[in-house]
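Fold and contact review
So the chains spell out like this:
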Amino acid sequence: MAHSGTPDPAQDRAPHELDITSSTPSTPDVVSRRSLRNAEASTSAVRAPKPKTAASTSVVAASEKAKPAAKKRKGGWALNVAVMTVATGIIATMSIPAFALQEGGQSAAFGPSAADAMKKAQAQTVEVAGGVAAAAVSRDAATATSQQQLDAQKAATAAAAAAEAARQRAAASFASYASYSGPTVTDFLANPPYPSFSLSQVFSVAQQYIGTPYVYGGSTPAGFDCSGYVMYVYAQFGISLPHSVSGQAAMGKRISIQDAQPGDIVIMSGHDGFYAGNGNIMDAPDTGRSISIRPIWTSDYYIVRLGI
């Protein structure tokens, strides 16, 4: 390394420290470009090789070092340009979506969407024809059974059960009636067991058959219907009566209710029996029941007396 104040050799200086514009070297070791060109021209003219001097060697070395530096500076400028170009492209790419999202952007590629156009459109009117009918809506109706209906159903069930029991009893009674072998109405009329007639005696004989089951069309102790019961009792006193309510009513004499006595006949619509006193009747009621004494349940009746 050279001491301070002493000129440095050309190879120790930086390329930019070489004075390539000066025509006169400041020291014997510094050579200008003009000197080099003159030296090259002289060499071409003479066409003879000359021995290299220290000065020419220094100039060539300086020139070789200067070329990479110049190339380096040129390459750095190109890199800067490339970096700036890429940066500009990135910035532009980032700014395009922002421009597209701007409300006022009117670019053909990033114009307003159909939804935006509809939002900005004026109010529109939709007309519906007057003949349009509303769709019918049907709903399932919910129903509930009231307590009264439940009671009615229970009563109907009970009545059906009672009717079935009565039918079975009637069937049994009819079977018993068919097998009856005792005296009949015809037998009593031919030979009455009670030739002397009295209402009290009629009522006493009629009481003997309380509990006899009802049998439709029956006229024996195996089973009676209402008119068959009256006919069978009066036959024992030698009095012949038809087997019908209307016929028996026609055979007697109608009297007032106040004058009625036990043994008289109570006539109703389609039914009759023996007057039992105190507003009661003794009769063969209906299927499933038996002969008994019970209150008269209607005011629509009258009294008929036989044997007078």
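None of these values were measured; they are calculated from a predicted model. (Residues numbered from 1 in each chain as written. Predicted model: local features only at pLDDT ≥ 70, side-chain atom pairs only at ≥ 80, totals over all residues. Heavy atoms only, no water.)

**As for the packing of helix 6 (residues 199–207) against helix 7 (residues 226–235)**
Our working rule: Axis lines are fitted to C-alpha atoms, over the contacting stretch for helices. Their N-to-C directions set the angle, which ranges from 0 to 180 degrees. Secondary structure elements are defined from DSSP: runs of H or I of at least 4 residues count as helices, runs of E of at least 2 residues count as strands, and each element is numbered from the N terminus. Working rule for angles: under 35 degrees goes down as roughly parallel, over 145 as roughly antiparallel, 65 to 115 as roughly perpendicular, anything else as oblique. For any pair of crossing helices, the crossing counts as left-handed if the nearer helix is rotated counterclockwise from the farther one by less than a right angle, and right-handed if it is rotated clockwise. By definition, residues are in contact when any of their heavy atoms lie within 4.5 Å. Throughout, the ten residues Ala, Val, Leu, Ile, Met, Phe, Trp, Tyr, Cys and Pro are labelled nonpolar, Asp, Glu, Lys and Arg are labelled charged, and all others, Gly among them, are labelled polar.
Running from N to C, helix 6 and helix 7 cross one another at 120°; their axes reach a closest spacing of 10 Å. One finds that helix 6 runs oblique with respect to helix 7. Read as a crossing pair, helix 6 and helix 7 show a hand that is right-handed. Touching Leu199, Val202, Val205, Ala206 and Gln207 of helix 6 are Tyr229, Val233 and Tyr234, all from helix 7. The residue makeup of the contact of helix 6 with helix 7, split by class, is 7 nonpolar, 1 polar and no charged.

**Considering helix 6**
To keep things clear, this is the line we draw: Each residue gets one of three labels from its accessible area relative to the maximum for its type: buried under 20%, exposed over 50%, partly exposed in between, using a 1.4 Å probe on protein chains only. The arc under discussion is defined with respect to the helix axis, by the directions toward the C-beta atoms.
Here helix 6 has its buried residues at Leu199, Val202, Phe203, Val205 and Ala206. One face of helix 6 carries all of its buried residues, which in axial projection span an arc of 160°.

**A short note on the pattern of salt bridges**
The condition is simple: Within this document, salt bridges are pairs made up of a side-chain nitrogen of Lys or Arg and a carboxyl oxygen of Asp or Glu, the two lying within 4 Å of each other.
Tallying each qualifying case throughout the model produces 3 salt bridges. The partner of Asp286 in a salt bridge is Arg289, and the shortest N-O contact between them spans 2.8 Å. Take Asp286: its relative accessible area is 33%, and that puts it in the partly exposed class.

**Quick word on the sheet that holds strand 3 (residues 253–255)**
Filter applied, for reference: When DSSP finds two or more bridges between a pair of strands, those strands are recorded as paired.
What the 6 strands build is an open sheet, ordered 3-8-4-5-6-7; its pairing is antiparallel. Sheet topology places strand 3 and strand 7 (292–295) at the edges, where each strand pairs with a single neighbour. Neighbouring strand axes in the sheet, compared pairwise and without regard to direction, differ in orientation by 45° on average. One ladder, built from 3 bridges, connects strand 4 (residues 265–268) with strand 8 (residues 302–305); its direction is antiparallel. From the neighbouring strand, Val266 faces strand 8, where its bridge partner is Ile303. Relative to strand 5 (residues 271–277), helix 6 is tilted by about 110°, and along the sheet it contacts strand 5, strand 6 (280–283), strand 7 and strand 8.

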